[in-house]
Amino acid sequence: MDCIGVVDTTFARVDMGSEAIDELRSLAPDVVVKRITVPGIKNTIWGAKKLMKEGCTAILVVGWVGPSLTDKLSYLAMSLGLIELQIQYDVLILDATVHEDEATDEGELKLIAIDRARKHARNLVALLRGDLTEAAGRGLRQGRPDVGPII
Amino acid sequence: MDCIGVVDTTFARVDMGSEAIDELRSLAPDVVVKRITVPGIKNTIWGAKKLMKEGCTAILVVGWVGPSLTDKLSYLAMSLGLIELQIQYDVLILDATVHEDEATDEGELKLIAIDRARKHARNLVALLRGDLTEAAGRGLRQGRPDVGPII
Amino acid sequence: MDCIGVVDTTFARVDMGSEAIDELRSLAPDVVVKRITVPGIKNTIWGAKKLMKEGCTAILVVGWVGPSLTDKLSYLAMSLGLIELQIQYDVLILDATVHEDEATDEGELKLIAIDRARKHARNLVALLRGDLTEAAGRGLRQGRPDVGPII
Amino acid sequence: MDCIGVVDTTFARVDMGSEAIDELRSLAPDVVVKRITVPGIKNTIWGAKKLMKEGCTAILVVGWVGPSLTDKLSYLAMSLGLIELQIQYDVLILDATVHEDEATDEGELKLIAIDRARKHARNLVALLRGDLTEAAGRGLRQGRPDVGPII
Amino acid sequence: MDCIGVVDTTFARVDMGSEAIDELRSLAPDVVVKRITVPGIKNTIWGAKKLMKEGCTAILVVGWVGPSLTDKLSYLAMSLGLIELQIQYDVLILDATVHEDEATDEGELKLIAIDRARKHARNLVALLRGDLTEAAGRGLRQGRPDVGPII
């Protein structure tokens, strides 16, 4: 792979991009990582495509989503755009989004953001090197502790 | 057909992929089954396309969906992505998704997951061999007992 | 036109496909009608495209939609997929879907299903032969009695 | 421009198509206006494309939307389909939709429908002849009196 | 870049287009700015594409969204259309939309509109000249004061 791209936002309240890059560099030190920062989640499609044109064949999008219905619909728009990119260009895109209604406490939200960004960075590298079948159905979570399989 | 693909997730709390594969192998022992596991439902489009590029012309996606509005919108994004793949590439894709708000009891959720994965595996094979017209309008359900036609 | 396709589901609790076919044959006895049955509404896109590849240039989709938000979003996914097919392939697709929350009584639901399937079959034939301008703004309903224009 | 197309429905309870055509003919008497009537809003994409193939480069869609969530999602599907047509074919499409939950009184709904259809007909002609910059940010409304800019 | 396009609406109650243009001219005095005004947010896709065909490679859409569910779904349709344009044509599009339910007071709404239009104009120029990585994760807001990063 030529490079892994990271797309993050100025809207986010945690520097998820740096967390993701740190994790990627630790796991795959020989891979070039490129980063672009955009205003908000709906702009990540443009950012991802820009990095694709610069040679990235895998992208990690780390986004931050407000709590309102408008924000939820923006999240849907982002999700569909990133899926469309994957269908058209055969690039792998994982998105790690934090939603402000996931926690009432700012500190907890920060922990979710860091954990989610890093775990999805690991997922991205794992998918590029093979797949995740050994963890299939294991109730893994990003941002929270794994809930595990139903016994 | 060259192969049937199965896409499952690490988010799921039941190993739906293995259930589906077991059923497929039982029904169509001469067919190659390929599997890929991705983190969550929005990633199943990438997984499905990867298996298509490896020769699979039919795909079973077994996903697990959380209970929040965000999860519902992710489900919508996944559904639209899988439909787009079918339109563009003439591949048959069935998705068997379990939604955490379908049951309050974990044990029940597990039974739903197994039943749904296996029944949709049967549907997939049936569609590949012909169609399901003899069961048209019969109120069939996957994950639950059939409700039957309105008399 | 080479043929009219009918796509129905095993999820439906009324044999809407047979109702639609009966109506189509009565109205256009010289037209070939092809039918395919799929598990649920999200699979009707694949079914419709299959019939299109077999020569059908007009399709009637008769679907059945559950009452939950998940079901509503599946309905949206289906609707968008069928619209995409019409844009890309210039085929006419009408969909007659019954929603379980339309009535509390099973018997009423059955009457809705039959009426809707048959009336949309008539609409399909009317559109293929011309258009419906004489009924424009007349408050026509399928599944229920017409409400009529506002006087 | 070769022609302006008008797409309306039999579901509507007001003959919005005739209102729109009357307004278009009054404003642009030398332009050919073509009309097609379809059953409901989701079918307007097929109708619009049909008129485009007959040479229309601008389309006015006048639709009527029920009050339920299902109806709202149908409205979304229609909106996305009409946007897709505009992206792919560089045609201008305005849609004037009346939503039954906009008024509790039938008479009021009728006035909304007529006003909206006619005002959007004017908008269509204005856009074809130039643009609407002189009215930018003026709080214009169709179906209701203008609310005006915030002073 | 050949030009920056600004798309605004007559539905808006604040002349956000003029605010955006003033900001763009101040920041990038040597760039040609083209403007088109359309009736409402769903029409901004057509407007954006028109400006793209006239040579604009970056677009700022300033829209105004009502408070109802119908309005929210129109916002979603707009968002998806603008994303599709960016995927297909590699143009950068930022949208600055004001939602009427963001404030109960008209004066506050006006301040939001002006602030958001101007800040997104700055974002657009910043993205065209480089990126926004120095502000990544800083909790920036448009329309409101920045909330800042979680410490």
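Residues numbered from 1 in each chain as written. Chains lettered and ligands numbered in written order. Predicted model: local features only at pLDDT ≥ 70, side-chain atom pairs only at ≥ 80, totals over all residues. Heavy atoms only, no water.

A. Broad picture of the overall build of chain A. If you tally the helices and strands in chain A, you get four helices and four strands. Traced from its N-terminal end to its C-terminal end, chain A shows the element sequence β-α-β-α-β-α-β-α. What you see for chain A is a C-alpha radius of gyration of 15 Å, in line with the 15 Å of a compact globule of 151 residues. Summarising its shape, the C-alpha atoms of chain A cover approximately 40 × 40 × 25 Å along the three principal directions. Counting only residues that meet the buried cut, chain A has 65% of its 151 residues in that class. For chain A, the share of sequence-separated contacts (at least 6 apart) that also reach a separation of at least 24 residues comes to 71%. Accessible surface, chain A as shown: approximately 5,200 Å² in total, 49% of it carbon and sulfur. For chain A, the separation between the mean place of its 18 positive charges and that of its 22 negative charges on side chains is 2 Å. (Helix = DSSP H or I, 4+ residues; strand = E, 2+ residues; numbered from the N terminus. Rg over C-alpha atoms; globule rule 2.2 N^0.38 Å. Buried < 20%, exposed > 50% of the residue type's maximum accessible area, 1.4 Å probe, protein only. Contact = heavy atoms within 4.5 Å. Areas by Shrake-Rupley, 256 points an atom, 1.4 Å probe, with all protein chains shown as cover. Lys, Arg positive; Asp, Glu negative; His and termini not counted. Charge placed at Lys NZ, Arg CZ, Asp CG, Glu CD.)

B. Summary view of the packing of aromatic side chains. Under the criterion given, the structure shown has zero aromatic pairs over all chains. Stacked on the ring of F11(C), the Lys or Arg R141(B) has its end atom at 3.5 Å from the ring centre. (Phe/Tyr/Trp six-rings, centres within 6.5 Å; stacked < 30°, edge-to-face > 60°. Lys NZ or Arg CZ within 6 Å of the ring centre and 35° of its normal.)

C. Structural detail: the confidence of the model for chain A. Counting all residues, the mean pLDDT for chain A is 97, and 99% of those residues have values of 70 or more. Among the prediction metrics, the complex's ipTM stands at 0.97, with pTM recorded as 0.98. (pLDDT = per-residue confidence, 0-100.)

D. Representation of helix α2 (residues 44-53) of chain C. The buried fraction of α2(C) is high, at eight of ten residues. For α2(C), every residue scored as buried is listed here: T44(C), I45(C), W46(C), G47(C), A48(C), K49(C), L51(C) and M52(C).

E. Fine view of the interface of chain C and chain B. Tallying the contact residues gives 37 residues for chain C and 36 residues for chain B. For the pair chain C and chain B, the summed buried area comes to about 2,900 Å², and 62% of that belongs to carbon and sulfur atoms. On the surface where chain C and chain B come into contact, there are four salt bridges. Of the charged contacts, one joins D90(B) and K49(C) as a salt bridge, the two residues approaching to 2.7 Å between their closest N and O atoms. If you look at where chain C meets chain B, you find 20 residue pairs in polar contact (both at pLDDT 80 or more). Where the side of chain C that touches chain B is concerned, the elements lending two or more residues are β1 (3-9), β2 (32-38), α2, α3 (69-89) and α4 (106-129) of chain C. In terms of residue count, the dominant contributor to the side of chain C that touches chain B is α3(C) (13 residues). A class-by-class count of the residues in the side of chain C that touches chain B yields 18 nonpolar, eight polar and eleven charged. (Buried area = accessible area lost by both parts, 1.4 Å probe. Salt bridge = Lys/Arg side-chain N within 4 Å of Asp/Glu carboxyl O. Polar contact = N/O pair within 3.5 Å; in protein donor to acceptor, adjacent residues only side chain to side chain. Nonpolar A, V, L, I, M, F, W, Y, C, P; charged D, E, K, R; others polar.)

F. Broad picture of the relation of the copies chain C and chain B. For the match of chain C to chain B, the screw axis carries a shift of 0.0 Å, the RMSD comes to 0.0 Å, and the turn is 72 degrees. Read as a symmetry element, the transformation amounts to a five-fold axis. A low fraction, 14%, of the interface residues of chain C reappear at the interface in chain B, so the copies pair through non-equivalent surfaces. (Least-squares fit on C-alpha atoms with pLDDT ≥ 70 in both.)

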